[in-house]
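Overview (structure and organization)
The residues making up each chain are set out below.
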Amino acid sequence: MHDLNADLHSHSTASDGTLGAAALAARAKANGVELWALTDHDELGGLPAARAAAEAAGLRFVDGIEISVTFAGTTVHIVGLGIDPGNDELVAGIDEVRAGRELRAKQMGDGLAKIGIKGAYEGAIKLAPNPNLVSRTHFGRFLIASGVAPDMHAVFRRYLTEGKPGYVEHRWAKLGDAVRWIRGAGGVAVIAHPGRYKFTPTEEYALFTEFQAHGGEGVEVVTGSHHAGDIVKYTETALEFGLLASRGSDFHDPGESRLDLGLLPGQLQLSPRLTPVWSRWTAAELRAQPVLS
Ligand code: AMP
Ligand code: MN
Ligand code: MN
Ligand code: MN
């Protein structure tokens, strides 16, 4: 069970990934993924095509989402796994979360124009296949294509993070709401890439305790954002809090992402001391998503 090649965090063109559902499913299959979840930012629109493509490829599939949350003044991502994409409250909740992105993107464009970078808003929009989901990633790709920065790491550091010209404060969903929408839709809520947040130990403890008090059940231990030390640390955190452990590449694009779908190379596994989040889904549930291979 621990050595299942599960990849439960990835993005498509419905949010800030560059591959569509069919290309992702084919890539997951080719990379030996045995259980795949698509988890687009604040968006469910890619799920039907991803499920169909996964089924056609003989790949077990879990419907997912990654919801943007503001906690203690910081943006935190909560992944929902095994959700019903048709759940009314979830749909309404994330509609509202997405709604602020358009104005935010315009303001990001204004901020960049002030330092002489023109047309960033229009450029980012052109690179966003889903007009309702313009993200910093699309601005990043535009800025790289315009030659103002060499790569995503540099572009975020120089232009798109707090205090930089393209950064705009934004209030996302409340932690408790995101967890409730996910649970209400039959899913498991998981704290995404905890190693990325710049919390003090006290704030991080508050995140985990409040998350759990709201009904959150899991944490990503192995992710493309975690280095070896983070994996050790969050293995202990999962055990301390009694949280289910998840594993996902956070794949966005072949050239940009640190880990490919399936977390190649390295096949990073969860410690056998952990309870994988996929233990939640029965063999029958997983079989209901046909395995043809
Ligand atoms: P947004 O939801 O518009 O704030 O965009 C957030 C997305 O930007 C994340 O999901 C990542 O895909 C990307 N991102 C955030 N920080 C960085 C970074 N330092 N380097 C590269 N990509 C990043
Ligand atoms: Mn992203
Ligand atoms: Mn994230
Ligand atoms: Mn992600």
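Being a predicted model, the structure only gives us computed values, none of them experimental. For every chain, the first residue of the written sequence is number 1, and numbering continues from 1 along that sequence. Going through the entries in the order they are written, you letter the chains from A and number the ligands from 1. This being a predicted model, a pLDDT of at least 70 is required before a residue's local features are given, and a value of 80 or more before pairs of side-chain atoms are given or counted; all residues contribute to the totals for chains, interfaces and linings. The basis for every side-chain value is the complete set of heavy atoms in the structure, and neither hydrogens nor water enter the calculation.

Quick look at the pairing of strand S2 (residues 35-38)
Look at any regular strand and the pattern is simple: side chains alternate between the two faces of the sheet. Burial of the side chains of S2 extends over both faces: Leu35 and Ala37 are buried on one face and Trp36 and Leu38 on the other. Note: strand S1 (residues 6-7) against S2, two bridges, orientation parallel. Looking at S2, one finds that Asp7 is bridged to Trp36. Seen with the strands pointing away from the viewer, any crossover whose path from the first strand over the helix to the second strand runs clockwise is right-handed. Secondary structure elements follow DSSP: runs of H or I of four or more residues count as helices, runs of E of two or more count as strands, with numbering from the N terminus. The parallel pair S1 and S2 is bridged by helix H1 (residues 21-30), and the resulting crossover is right-handed. For two strands to pair, DSSP has to find at least two bridges joining them. In this structure, S2 lies alongside strand S3 (residues 60-71), joined through four bridges in parallel fashion. Across the sheet, Leu35 pairs through a bridge with Arg60, a residue of S3. The buried label applies to any residue whose accessible area, calculated with a 1.4 Å probe on protein chains only, is under 20% of its type's maximum; exposed applies above 50%, and partly exposed to all values in between.

Side note on the coordination of the manganese ion (ligand 4)
The protein atoms that coordinate the manganese ion (ligand 4) are His9 (NE2), His11 (NE2), Glu66 (OE) and Asp250 (OD), at distances of 2.1 to 2.2 Å. Each metal's donors comprise the N, O and S atoms found within 2.8 Å of it (within 3.2 Å for Na, K or Ca). Water is not part of the atom list, so some coordination spheres may appear incomplete. Each donor residue of the manganese ion (ligand 4) lies on the same chain, and together they follow the pattern H-x1-H-x54-E-x183-D. Taken as a pair, the manganese ion (ligand 4) and the manganese ion (ligand 2) lie 4.5 Å from each other. Linking His11 in the loop between S1 and H1 with Asp250 in the loop between strand S7 (244-248) and helix H11 (283-287), this pair joins segments that are 239 residues apart in sequence. The exposure classification of His11 matches that of Asp250, with both residues buried.

A closer look at the packing of aromatic side chains
Pairing of aromatic side chains here covers Phe, Tyr and the six-membered ring of Trp, requires ring centres within 6.5 Å, and sorts the geometry by plane angle: under 30 degrees stacked, over 60 edge-to-face, intermediate tilted. Applying the stated criterion to the full structure yields six aromatic pairs. Consider the rings of Trp36 and Phe61, whose centres lie 5.1 Å apart with planes at 65°: the pair is edge-to-face. Here Trp36, found in strand S2, pairs with Phe61, found in strand S3; they are 25 residues apart in sequence, far enough to count as distant. On the basis of relative accessibility, which here comes to 0%, the residue Phe61 falls in the buried class. Plain terms: the ring middles of Phe71 and Phe199 are 6.1 Å apart, the flat faces sit at 90° to each other, and that makes the pair edge-to-face. Of this pair, Phe71 sits in strand S3 while Phe199 is found in the loop between strand S5 (188-191) and helix H9 (201-213), placing the two residues 128 residues apart along the sequence. You'll find Phe71 and Phe199 in the same group, each marked buried. Clustering of aromatic rings is evident, with ring pairs tying together Tyr205, Phe208, Tyr234 and Phe241.

Re the sheet that holds strand S4 (residues 74-81)
Spatial strand order, S1-S2-S3-S4-S5-S6-S7: seven strands in an open sheet with mixed pairing. The outermost strands of the open sheet, each flanked by one partner alone, are S1 and S7. Note that S5 and strand S6 (residues 218-223) share two bridges and pair parallel. Bridged to Ile191 within S6 is Val219. The contact criterion used is simple: two residues touch if any of their non-hydrogen atoms lie within 4.5 Å. Only the stretch in contact is used when a helix axis is fitted, and all axes are lines through C-alpha atoms; the angle between N-to-C directions ranges over 0 to 180 degrees. Helix H8 (residues 175-184) contacts S3, S4 and S5 of the sheet and is inclined by roughly 165° relative to S3.

Some thoughts on the nonpolar core
Judged by nonpolar contacts, the single largest core of 70 residues is most densely connected at Leu8, Trp36, Ile67, Ile78, Leu81, Val221 and Trp278. With six residues, S3 is the single largest residue contributor to this core. Those residues in contact with Ile67 that sit more than four places away from it in its chain are Asp42, Val76, His77, Ile78, Leu90, Ile94, Ala173, Ala178, Trp181 and Ile182. In this structure, Met108, Ala120, Met152 and Tyr159 belong to the second largest nonpolar core, which totals 18 residues. The term nonpolar core refers to a set of buried residues drawn from Ala, Val, Leu, Ile, Met, Phe, Trp, Tyr and Cys, joined through side-chain atoms within 4.5 Å.

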